[in-house]
Amino acid sequence: MTQDELKKATAEAALERILPHLEEDMIIGIGTGSTANFFIDALAEHKAKFDGCVASSEASADRLKGHGIPVYDLNSVSSLRFYIDGADEANEHLHLIKGGGAALTREKIVAAVSEEFICIADGSKKVDVLGQFPLPVEVIPMARSYVARELVKLGGDPVYREGVLTDNGNVILDVWNMQITDAVATEDKINQIVGVVTNGLFAARAANVLLLGTEEGVETITV
Ligand code: 5RP
């Protein structure tokens, strides 16, 4: 199977998982990226069974609206039963690296509001130690050089993602060569640097379920 076929299979497994729980007034949190896009497309066929979605990016909001699915401002929603999103890396604790698509801050906010975070990913995303994928950090533009120097002090090699502005008008530093053995501590430490909006570690709020697409089928991992 291709990587896209594995992504589609895991998106369909997430849909099967939530279908029995859908209610007319339910609002669902939706992530960003190619795996989330497969989920949006599959969810669209069932749009009459729930109220609408909150999106973690303008791109996902546009895709949802394109399917005729209502998109709500998070400020008008007090809770979300599910959040479905992809990841760049996941470990056995369901700690994640996210932000390859630069949507990490909104993703983290929507995940925080959600009762259950279902992470959907192809098997290549499962790792023993997080950090082979460069850790995205969203930064206020004027703080970029200062934050980069502080990240070097923490042992990383930050690289400015040129030409990319987040939906919040900020920039991204991708931090290479981090061996992240304590994801909760690293997430917290990086977030303490002045000028950092947030980083792409999802450890304080990890996923609740990881649906991993493999050649043998979709594996369900919980902690
Ligand atoms: C976007 C993300 C995505 O979930 C992550 O990059 C995975 O993307 P894809 O599903 O395309 O592999 O965090 O900010």
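Conventions used here
- Residues numbered from 1 in each chain as written.
- Predicted model: local features only at pLDDT ≥ 70, side-chain atom pairs only at ≥ 80, totals over all residues.
- Heavy atoms only, no water.
- UniProt positions renumbered as here; feature names shortened; annotations may be inferred.
- Helix = DSSP H or I, 4+ residues; strand = E, 2+ residues; numbered from the N terminus.
- Rg over C-alpha atoms; globule rule 2.2 N^0.38 Å.
- Buried < 20%, exposed > 50% of the residue type's maximum accessible area, 1.4 Å probe, protein only.
- Contact = heavy atoms within 4.5 Å.
- Areas by Shrake-Rupley, 256 points an atom, 1.4 Å probe, with all protein chains shown as cover.
- Lys, Arg positive; Asp, Glu negative; His and termini not counted.
- Charge placed at Lys NZ, Arg CZ, Asp CG, Glu CD.
- Domains from an automatic or database assignment.
- Buried area = accessible area lost by both parts, 1.4 Å probe.
- Salt bridge = Lys/Arg side-chain N within 4 Å of Asp/Glu carboxyl O.
- Pairing = 2+ DSSP bridges.
- Axes fitted to C-alpha atoms, helices over the stretch in contact; angles between N-to-C directions.
- Parallel < 35°, antiparallel > 145°, perpendicular 65-115°, else oblique.
- Left-handed = near helix turned anticlockwise from the far one by under 90°.

The protein has the name Ribose-5-phosphate isomerase A in an unreviewed UniProt entry, where Endozoicomonas montiporae is given as its organism. In its Pathway (unreviewed entry) section, UniProt records this for the protein: "Carbohydrate degradation; pentose phosphate pathway; D-ribose 5-phosphate from D-ribulose 5-phosphate (non-oxidative stage): step 1/1." We quote the UniProt Subunit (unreviewed entry) comment for the protein here in full: "Homodimer."

Visitor: Break down the overall build of the protein for me, citing the residues and quoting the values.
Guide: In terms of regular secondary structure, the protein is built from six helices and 13 strands. Relative to its length of 223 residues, the protein is compact, with a C-alpha radius of gyration of 17 Å against a globular reference of 17 Å. The principal-axis extents of the C-alpha atoms in the protein amount to approximately 50 × 40 × 30 Å. Across the 223 residues in the protein, those meeting the buried criterion constitute 52%. Considering only contacts within the protein whose residues lie at least 6 apart along the sequence, 74% involve residues at least 24 apart. Within the structure as shown, the protein displays about 10,100 Å² of accessible surface, and the carbon and sulfur contribution to it stands at 49%. Here the protein carries 19 positive and 34 negative side-chain charges, and the mean point of each set is 4 Å from the other.

Visitor: Could you give me a rundown of the domain arrangement of the protein, with the residues and numbers involved?
Guide: Splitting the protein by domain gives domain 1 (3-126 + 204-222) and domain 2 (135-200). Relative placement of domain 1 and domain 2: their C-alpha centres are 24 Å apart. At the interface, 15 residues of domain 1 touch 19 residues of domain 2. Taken over both partners, the interface formed by domain 1 and domain 2 buries close to 1,300 Å², and the fraction arising from carbon and sulfur atoms is 53%. The three residues of domain 1 that bury the most area against domain 2 are Leu104, Thr105 and Lys108, which together make up 38% of that side's buried surface. Here domain 1 is connected to domain 2 by one salt bridge. Across the pair Glu187 and Lys108 runs a salt bridge, and its minimum N-O distance is 2.8 Å.

Visitor: Would you mind going over the UniProt feature "active site" (unreviewed entry) in the protein in detail, with residue names and values included?
Guide: Those places that UniProt annotates as "active site" (unreviewed entry) correspond, in this numbering, to Glu107. Relative to the helices and strands, Glu107 resides in helix α4 (residues 104-113). In this structure Glu107 comes out as buried when scored by relative accessible area, which is 3%. Once you skip the residues sitting within four places of it in the chain, Glu107 turns out to touch Thr32, Ser56, Tyr83, Asp85, Lys98, Gly99 and Phe202.

Visitor: I'd like to hear about the sheet that holds strand β7 (residues 135-139), residue by residue, with values.
Guide: What the four strands build is an open sheet, ordered β8-β9-β7-β10; its pairing is antiparallel. If you trace the sheet from one side to the other, it starts and ends with β8 (157-160) and β10 (196-199), each paired once. Between one strand and the next, the sheet's axes are offset by a mean angle of 30°, whatever the strand orientation. Relative to β10, β7 runs antiparallel, the two sharing three bridges. Pairing of Val137 across the sheet is with Asn199, part of β10. In the packing of helix α5 (residues 144-153) onto the sheet, the strands contacted are β7, β8, β9 (171-176) and β10, and the crossing angle to β9 comes to about 15°. Packing against the sheet, helix α6 (residues 183-191) makes contact with β7 and β10, and its axis sits at approximately 165° to β10.

Visitor: Before we move on, can you summarise the packing of helix α1 (residues 3-18) against helix α2 (residues 34-44) with the specific residues and values?
Guide: Following both chains from N to C, one finds α1 and α2 inclined at 50°, their axes separated by 8 Å at the closest point. Considering the angle they form, α1 stands oblique to α2. Pair α1 / α2 crosses with right-handed handedness. Between α1 and α2, the residues in contact are Asp4, Lys7, Lys8, Thr10, Ala11, Ala14, Leu15 and Ile18 and Ser34, Thr35, Phe38, Phe39, Ala42 and Leu43, respectively.

Visitor: Quick one: what's the story with the sheet that holds strand β1 (residues 27-30), residue by residue and with numbers?
Guide: Reading across the sheet, the six strands line up as β2-β1-β3-β6-β12-β13 and stay open at both edges, with mixed pairing between neighbours. Of all strands in the sheet, those bounded by a partner on one side alone are β2 (52-55) and β13 (217-222). Taken over all neighbouring pairs, the strand axes of this sheet differ in orientation by 25° on average, direction set aside. By the bridge criterion, five bridges tie strand β3 (residues 80-85) to strand β6 (residues 114-122) in an arrangement that is parallel.

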